Amino acid sequence: MRHRFLIAAGSLVVVGVMMWLADAAVAGQAPGGTTTFKVPASTYAPPRTPWGDPDLQGVWDNHTTVPMQRPANLSGKKTFTDAELAARARTSGDNDPLCNKNDERCAKATVAELDRLDAYNGFWTPQTFVSDNRTALIEDPPDGRIPPLTPEALAIQQAYLRAHPATEPSAAVIEIRHWEDYDLAERCIAAQVPTTTMGYNSAQYLMQSPGWVMLAHERLNTRIIPLDGRPHLGGTMGGWIGDSRGHWEGNTLVVETTGYTNKQSGGSVGAFADAGIPFGNFHVVEHFVPVGPNRIHYYVTISDPQTWTRPWTFMQPWEKDRVLSYNDNVGATKAEPYQMYEYACHEGNNAMGNSLRGTVQARQRAASRPADAESTKSLIGKTEADIRAMYGNPVTIAGPRWQYSTANGILQFFAFFENGKVVLVRPDDIRLTEVVPNR
Amino acid sequence: MRMPLSALVVAVGLVAAIQLPVQTQDGRIPRTSWDKKPNLNGIWQTLSTANWDLEDHEGGPSPVVVTGVWGARLPGMSVVEGGKIPYKPEALARRDQNRKNALPGKPGRDLNADPELNCFLPGVPRSTYLPHPFQIFQSPNRMWIVYQFSYARREIFMNGKKEAPIESWMGWSNARWDGDTLVIDVTGLNGQTWFDRAGNFATEALHVVERYTMIDNDHIVYEATIEDPSVFTRPWKISMPLYRRIEKNVQLLQFRCAEYVEQFFYGELVSPPRN
């Protein structure tokens with residue numbers, strides 16, 4: 001059935017399929033295309049645990065801004081020079097505090113700066129990175145690009161994105177109608193394995209005991225990997241994060257993971273596969289390659305002939321026991337060795353219920369949307385005195401932004417001023433009478 | 001350390017206390033090669049029904065009638081030394097209110113319900129006696145305990161005393177050896193967990209001291225002393241055996257229950273698809 005579909009798609013594809021099947025037969029490679037890429041051997045011999053395994057224990061961070069795929073404008077360029085890297089480096093501290101009403105930067109902020117809703121993560125995101133001079137994480141294929149999806153996988157992905165439009169990264173409307181419109185990590189279920197960098201809280205504690213390796217990811221995942229050669233569980237018993245088996249090859253830890261569920265709620269933060277890409281058939285091989293006392297090169301090879309036309313490999317450097325500096329929001333810079341804290345995601349997940357309720361509210365509002373003249377949109381152009389006359393003093397002022405409550409107690413109303421006049425309101429489609437006067 | 005009979009408070013009802021052997025027989029427990037301490041590495045699980053109720057509890061019908069015997073309450077003897085938890089009178093009223101709120105029986109997330117019902121982290125000591133295995137990882141100067149339930153896990157600090165920098169569901173664990181007993185001192189708990197489904201609780205002032213005493217290759221005696229002066233008239237203690245899971249190829253499996261409560265929490269908030 002699959003071959004019939006491929007033939008219909010074009011003879012070039014048929015030839016390609018037959019070629020890599022032939023290669024597979026001759027070379028004895030894993031099914032689904034071939035590659036000559038070989039993970040380099042370790043260049044560093046770590047000390048040993050008392051039971052004789054290489055000792056890789058500690059808190060490992062992978063924080064990076066190197067993209068997964070090589071950007072088109074850097075095609076053919078594998079690394080940056082030292083000079084190019086220096087030009088790209090930020091000069092600020094590891095994190096910038098959030099603008100708040102105690103911070104004079106708010107008073108100087110422009111309307112556009114305060115209208116941004118993405119200031120939240122700026123506080124949590126460290127600004128220094130594990131050193132890496134490459135232009136892409138992907139090592140194989142050599143062009144640094146993910147191989148094409150098979151037609152079947154593309155069809156599955158497109159069907160998924162049609163059913164869950166909010167999960168598509170460039171979605172114009174982020175509207176959560178169902179809990180599956182959020183990805184795996186935002187549902188607080190799991191992070192995709194293997195995880196790439198997550199922007200913040202991206203570290204993993206690597207713990208060892210005789211016959212076991214345990215990877216406690218800062219967020220959500222704890223992977224327990226037996227080294228005793230026992231068989232895989234089979235089926236989908238590995239669930240969202242798959243079922244892993246490990247062994248040592250010299251100083252390198254090799255972990256093989258299969259048995260993933262196929263529910264496709266991927267594309268999560270730190271995911272290497274986008275939303276809608278089925279991962280029930282993934283065969284993942286990780287190599288943890290020590291290259292220094294505090295540095296591992298972490299290689300991940302993904303094979304899935306039903307999804308990609310050939311296997312591919314990305315690499316991330318990991319650094320152990322980093323010391324991060326941060327601004328404490330009252331003018332001091334502090335340094336702290338990396339300590340992982342509890343990530344009680346589900347316990348504090350108010351976003352899910354709020355998003356779903358917000359969509360219900362928005363649909364109700366859209367159904368009874370007032371005429372412009374009766375809505376807050378009509379406040380544009382009004383002066384500060386006009387607004388005070390209608391609603392009294394604002395509940396909060398942050399620079400050019402005035403805040404009031406609304407009748408439903410959930411939405412807040414914001415009016416943004418420039419040169420003494422309202423230039424922007426949020427939301428702009430509620431009744432004037434829904435804003436609560438603050439007397 | 002045998003407890004004299006006179007020290008046991010005789011309570012109404014049955015008490016299941018554990019008497020430790022006078023000395024652990026050194027030859028019967030595995031020891032680490034690096035510090036000769038008991039080797040607690042492995043997968044462990046209790047057989048108690050303490051998760052239903054730390055005190056004596058009879059069996060009973062399911063609170064959700066249509067689940068029949070699947071949801072029926074299991075019987076069990078108290079794991080509390082002395083039988084009863086020594087509540088202050090006003091705190092007992094709150095425990096009884098918890099008991100009524102434990103299972104709301106209607107759709108929607110209810111933060112007054114039993115935190116376990118909501119798949120919230122179980123804290124210490126409840127994570128020990130959930131009906132799920134857990135795995136202890138022990139290496140020189142490091143220890144982790146990973147529980148099958150949700151993503152519950154604890155980093156156990158073996159080197160000196162680190163103060164809890166922040167509150168959390170699973171608390172902050174500092175450990176030391178007292179002879180062959182591992183003593184874990186837990187602070188920084190956030191007061192949002194319960195001890196069981198019967199509403200027994202404490203506040204963020206809770207201080208738990210666990211003792212893990214291996215008595216042979218496949219058994220650890222687990223004791224926990226509970227202290228919270230805002231809730232209890234005095235510290236009190238629970239104890240139960242931990243049994244090694246000895247099946248070949250046994251491992252922790254996935255129990256990511258956040259997914260299992262999505263329909264329960266959000267089923268009534270769903271909007272129809274756009275197209």
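The next point concerns the overall build of chain B. The secondary structure content of chain B amounts to three helices and nine strands. Pairs at least 24 apart in sequence give 59% of the contacts found in chain B among residues at least 6 apart. By element, 56% of the accessible surface of chain B is carried by carbon and sulfur atoms, the whole surface being about 13000 Å².

Let's shift gears to the layout of surface pockets. The computed volume of the second largest pocket comes to approximately 1000 Å³. Considering the residues around the second largest pocket, the lining is formed by 33 residues, among which Trp52(B), Pro63(B), Leu103(B), Leu117(B) and Arg197(B) are closest to the centre.

All names here are of chain A. Here strand 1 (residues 58-61) runs beside strand 3 (residues 204-209); their pairing, made up of three bridges, is antiparallel. Paired with Trp60 across the strands is Gln204, a residue of strand 3. Here strand 1 pairs with strand 10 (residues 312-320) via two bridges, running antiparallel. Across the sheet, the residue bridging to Trp60 is Lys320, located in strand 10.

Taken together, the contact between chain A and chain B spans 57 residues of the former and 51 residues of the latter. When chain A packs against chain B, close to 4600 Å² is buried across both sides, 55% of that on carbon and sulfur atoms. Linking chain A with chain B are one salt bridge. Note that Arg187(A) and Glu262(B) form a salt bridge whose closest N and O atoms lie 2.7 Å from each other. For the interface between chain A and chain B, the tally reads 25 residue pairs in polar contact (both at pLDDT 80 or more). Looking at the side of chain A that touches chain B, the elements with two or more residues in it are strand 3, strand 4 (212-217), strand 5 (222-226), strand 6 (243-249) and helix 8 (351-367) of chain A. Sorting elements by how many residues they give to the side of chain A that touches chain B places helix 8 of chain A first, with seven residues. Here the side of chain A that touches chain B is composed, by residue class, of 28 nonpolar, 16 polar and 13 charged.

It is worth spelling out a nonpolar patch on the surface at this point. The grouping of Val64(B), Val65(B), Val66(B) and Leu103(B) at the surface amounts to a nonpolar patch, some 390 Å² of accessible area in total. The topology assignment puts Val65(B) in the loop between strand 1 (42-45) and helix 1 (89-101).

Residue and element names in this part refer to chain A. Here the structure, examined in full by the defined rule, presents 30 salt bridges over all chains. With a closest N to O distance of 3.9 Å, Glu319 and Arg322 form a salt bridge. Looking at Glu319, the relative accessible area reads 25%, which means it is partly exposed. Its relative accessible area of 6% is what places Arg322 among the buried residues.

Right, let's talk about unusual backbone geometry for a bit. One can expect most non-glycine residues to show negative phi and most peptide bonds to be in trans. In this chain, Arg426(A) is followed by Pro427(A) through a cis amide linkage whose omega measures -10 degrees. Considering the arrangement of structural elements, one finds Pro427(A) in the segment after strand 16 (421-426). Along the chain, Val124(B) connects to Pro125(B) via a cis peptide bond; the corresponding omega equals 10 degrees. Tracing the backbone shows Pro125(B) in the loop between helix 1 and helix 2 (126-129). A positive phi angle is found at Asn419(A), which is not glycine, with a value near 50 degrees. Among the secondary structure elements, Asn419(A) is positioned in the loop between strand 15 (412-418) and strand 16.

The next subject is the environment of Arg162(A). Residue position: Arg162(A) is located in helix 7 (residues 151-163). Arg162(A) sits 102 residues away from Trp60(A) along the chain, and the two C-alpha atoms are 38 Å apart.

Attention now moves to the state of the cysteines. In total, this model carries two disulfides over all chains according to the counting rule given. In this model, Cys188(A) is linked to Cys345(A) through a disulfide, with the two sulfur atoms separated by 1.9 Å. Residues Cys188(A) and Cys345(A) are joined by a disulfide whose S-S torsion is about -70 degrees; by sign, that bridge is left-handed. Here Cys345(A) lies in the loop between strand 12 (333-337) and helix 8 and Cys188(A) lies in the loop between helix 7 and strand 3, a separation of 157 residues in the sequence. For Cys188(A), a relative accessible area of 2% gives the class buried. By relative accessible area, Cys345(A) is classed as buried at 12%. The side chain of Cys119(B) participates in a disulfide bridge whose partner is Cys257(B); the two sulfur atoms lie 2.1 Å from each other. Given an S-S torsion of about 75 degrees, the disulfide between Cys119(B) and Cys257(B) has right-handed geometry. Residue Cys119(B) is found in the loop between helix 1 and helix 2, and its partner Cys257(B) is found in the loop between strand 9 (236-244) and helix 3 (262-266); the two are separated by 138 residues along the sequence.

Now for helix 1 of chain B. All names here are of chain B. Taking 1.5 Å per residue as the helical rise, helix 1 with its 13 residues ought to reach 18 Å, and the 19 Å between its terminal C-alpha atoms agrees with that figure. Of all the positions in helix 1, only Ala91, Arg95 and Asn98 are classed as buried. Projected down its long axis, helix 1 carries its buried residues within an arc of 55 degrees, all on one side. Relative to its buried face, helix 1 has exposed residues pointing more than 90 degrees away, namely Pro89, Glu90 and Lys100.

This next bit is on the side chain of Arg256(B). Among the structural elements, Arg256(B) can be located in the loop between strand 9 and helix 3. It turns out Arg256(B) is buried and unbridged, and the closest side chain with the opposite charge, Glu259(B), is 8.1 Å from it. For Arg256(B), the side chain forms a polar contact with the main-chain oxygen of Ile189(A), separated by 2.8 Å. Non-local contacts of Arg256(B), meaning those with residues more than four positions away in its chain, are made with Ile189(A), Ala190(A), Leu220(A), Asn221(A), Thr222(A), Trp240(A) and Ile241(A).

This paragraph deals with the confidence of the model for chain B. All names here are of chain B. Averaged over every residue, the pLDDT of chain B is 91; residues scoring 70 or more account for 89%. In this model residues 1-16 is a low-confidence stretch, pLDDT under 50, and it forms 23 contacts with partners more than four residues away in sequence or in other chains. Scored as a whole, the predicted complex attains pTM 0.83, and scored at its interfaces, ipTM 0.90.

Conventions used here
- Residues numbered from 1 in each chain as written.
- Chains lettered and ligands numbered in written order.
- Predicted model: local features only at pLDDT ≥ 70, side-chain atom pairs only at ≥ 80, totals over all residues.
- Heavy atoms only, no water.
- Helix = DSSP H or I, 4+ residues; strand = E, 2+ residues; numbered from the N terminus.
- Contact = heavy atoms within 4.5 Å.
- Areas by Shrake-Rupley, 256 points an atom, 1.4 Å probe, with all protein chains shown as cover.
- 1 Å grid on protein atoms, 1.4 Å probe; cavity = no way out; pocket = protein on both sides within 12 Å on 5 of 7 lines; lining within 4 Å.
- Points joined across faces, edges and corners; volume = space filled by probe spheres on them.
- Pairing = 2+ DSSP bridges.
- Buried area = accessible area lost by both parts, 1.4 Å probe.
- Salt bridge = Lys/Arg side-chain N within 4 Å of Asp/Glu carboxyl O.
- Polar contact = N/O pair within 3.5 Å; in protein donor to acceptor, adjacent residues only side chain to side chain.
- Nonpolar A, V, L, I, M, F, W, Y, C, P; charged D, E, K, R; others polar.
- Patch = residues over 30% accessible without salt bridge, like charges linked within 9 Å, V, L, I, M, F, W, Y side chains within 5 Å.
- Buried < 20%, exposed > 50% of the residue type's maximum accessible area, 1.4 Å probe, protein only.
- Disulfide = S-S within 2.5 Å.
- Expected span 1.5 Å × (residues − 1).
- Arc of directions from axis to C-beta.
- Lys, Arg positive; Asp, Glu negative; His and termini not counted.
- pLDDT = per-residue confidence, 0-100.

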